[in-house]
Amino acid sequence: MEEDVGQLNHAELVDKNFVVFAEGCFGLFTSKIAASLIRYRGDRCVAVIDSRKAGRTVQDELGYGGPIPIVGRIEDALHLRPEVLVIGKGLHSAELPSGWKPHLLAAVQNGLHLINSIHFRLTGDPDIARAVREKGITVWETKDAPKVPLNKARVLDLDTWVIHTCGSDSNIGKKTAGLEIWNEANRRGIPTGFAATGQSGMMISGHGVAVDGVPGDFMAGAVEQVVMEAAADNEWVVVEGQGSLNHIGFSSVALAILHGALPHALVFCHRLGAERTKVWETPIIPIPELIRINEELTVFERPAKVAAVSVNSSGFTEEDYRREAEKLEADTGLPVVDPVREGGAAQLVDILRAHQRETADRLPVRQR
């Protein structure tokens, strides 16, 4: 495989065949980067590494993805000719987990480029850095902060209509809702850009910024820049949300995206049945209250309302999903849709088009 190595740009990396590294954590909610990449770029995924589940398939674990094999180590996937290893899990720390280093070194020694999804910089480890130099491979540190200006509210001068997926917690489907709207809107002939604000969104779309790796004063400016880029030649932009305003660990990122994107409309995302936030285990306050908070924190120059609630109903039967969705509709007065169930993405696009028409006459003069 060494004849293929050489320095590549990020766009070239995302178009190559890859293996996902999810050692000890592969699953729908335990490795969301891996799950997202397989849902949207499964045609490029040749294998998943998780020694606990070696011998099974991605379909067995996720309920989608087909016969992509799960293997115990990179050597077991080399016959499938991967070109890139992607770390398929984000972490709530800046350390390299114990046990990961041998897998990463083996990938480098076998000529695979690396896409790093965690805050720890792989080339900060001297052994990995030495191997990378010797093999001449590319390492994409997705958490590296770009040089960006402060937010200047340039988004207000765009003709593009901006949609932002916010929500009640991390890892509940904000990216999925955004990608489903993006795909369906383009399919329907609405030119739509996707503004990725996290590493998996960047890997799927080929551009964007990991906002949580940007210094605080510049987060909103980074979002503004990504929205401006995604708006080029498009009628809509869908801005991927991160964290939540009510989450004690991730509220700063959520607010920076809300103010950097300056959306016309919000899609509020929630995982059905969730009662506490992940990691910090704080109670999730009632959804109508969270919707009100998000709406009130949009700016005076562009007040935005939630057009729909997008839910993650994984694990629910169709009957249970319908029952819970109806309860949430009664509580919020808003349509409730799971975008990955049949027809869900189309429903969301219909709702958003109607919302765009209904709110057009109420925009401040600068936006018309």
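Residues numbered from 1 in each chain as written. Predicted model: local features only at pLDDT ≥ 70, side-chain atom pairs only at ≥ 80, totals over all residues. Heavy atoms only, no water.

A. Here's a closer look at the pattern of salt bridges. For the structure on display, the rule yields 25 salt bridges. Arg292 serves as the salt-bridge partner of Glu296, at 2.6 Å between the closest nitrogen and oxygen. Of this pair, Glu296 and Arg292 both sit in helix H10 (residues 287-296), separated by 4 residues, roughly a single helical turn. Between Glu318 and Arg341 there is a salt bridge, with its nearest N and O atoms 2.7 Å apart. With Glu318 in helix H11 (residues 318-332) and Arg341 in the loop between strand E12 (336-337) and helix H12 (344-359), this residue pair connects regions lying 23 residues apart in the sequence. Overall, the relative accessible area of 40% leaves Glu318 in the partly exposed class. Residues joined by salt bridges that share partners form a network here, namely Lys101, Asp125, Asp127 and Arg130. (Salt bridge = Lys/Arg side-chain N within 4 Å of Asp/Glu carboxyl O. Helix = DSSP H or I, 4+ residues; strand = E, 2+ residues; numbered from the N terminus. Buried < 20%, exposed > 50% of the residue type's maximum accessible area, 1.4 Å probe, protein only.)

B. How the structure looks around the confidence of the model for the chain. Summing up the model confidence of the chain, the mean pLDDT is 92 and the portion of residues at 70 or higher is 95%. A low-confidence stretch, residues 1-6 stays under pLDDT 50, and its non-local contacts, those more than four residues away or across chains, total 18 contacts. (pLDDT = per-residue confidence, 0-100. Contact = heavy atoms within 4.5 Å.)

C. Structural view of a nonpolar patch on the surface. There is a patch of nonpolar side chains on the surface, built from Ile248, Val279 and Trp280 and spanning about 300 Å² of accessible area. One can find Ile248 in the loop between strand E9 (236-239) and helix H9 (251-261). A relative accessible area of 58% means that Ile248 is categorised as exposed. (Patch = residues over 30% accessible without salt bridge, like charges linked within 9 Å, V, L, I, M, F, W, Y side chains within 5 Å. Areas by Shrake-Rupley, 256 points an atom, 1.4 Å probe, with all protein chains shown as cover.)

D. Up close: the sheet that holds strand E1 (residues 18-21). Ordered in space as E3-E2-E1-E4-E5-E6, the 6 strands form an open sheet in which the pairing is parallel. Edge positions in the sheet fall to strand E3 (70-71) and strand E6 (139-141), since each has one partner strand and no second. Pairing analysis gives 4 bridges linking E1 to strand E4 (residues 84-87), with the strands arranged parallel. Within E4, the position partnered with Phe18 by the bridge is Val84. Relative to the sheet, helix H4 (residues 101-109) contacts E1, strand E2 (45-49), E4 and strand E5 (113-116), its axis offset from that of E4 by approximately 160 degrees. (Pairing = 2+ DSSP bridges. Axes fitted to C-alpha atoms, helices over the stretch in contact; angles between N-to-C directions.)

E. Looking closely at unusual backbone geometry. Unlike most non-glycine residues, Arg81 shows phi in positive territory, near 60 degrees. With respect to the secondary-structure elements, Arg81 resides in the loop between E3 and E4. Within the chain, Leu262 stands out as a residue other than glycine whose phi angle is a positive 45 degrees. Mapped onto the secondary structure, Leu262 falls in the loop between H9 and strand E10 (265-271).

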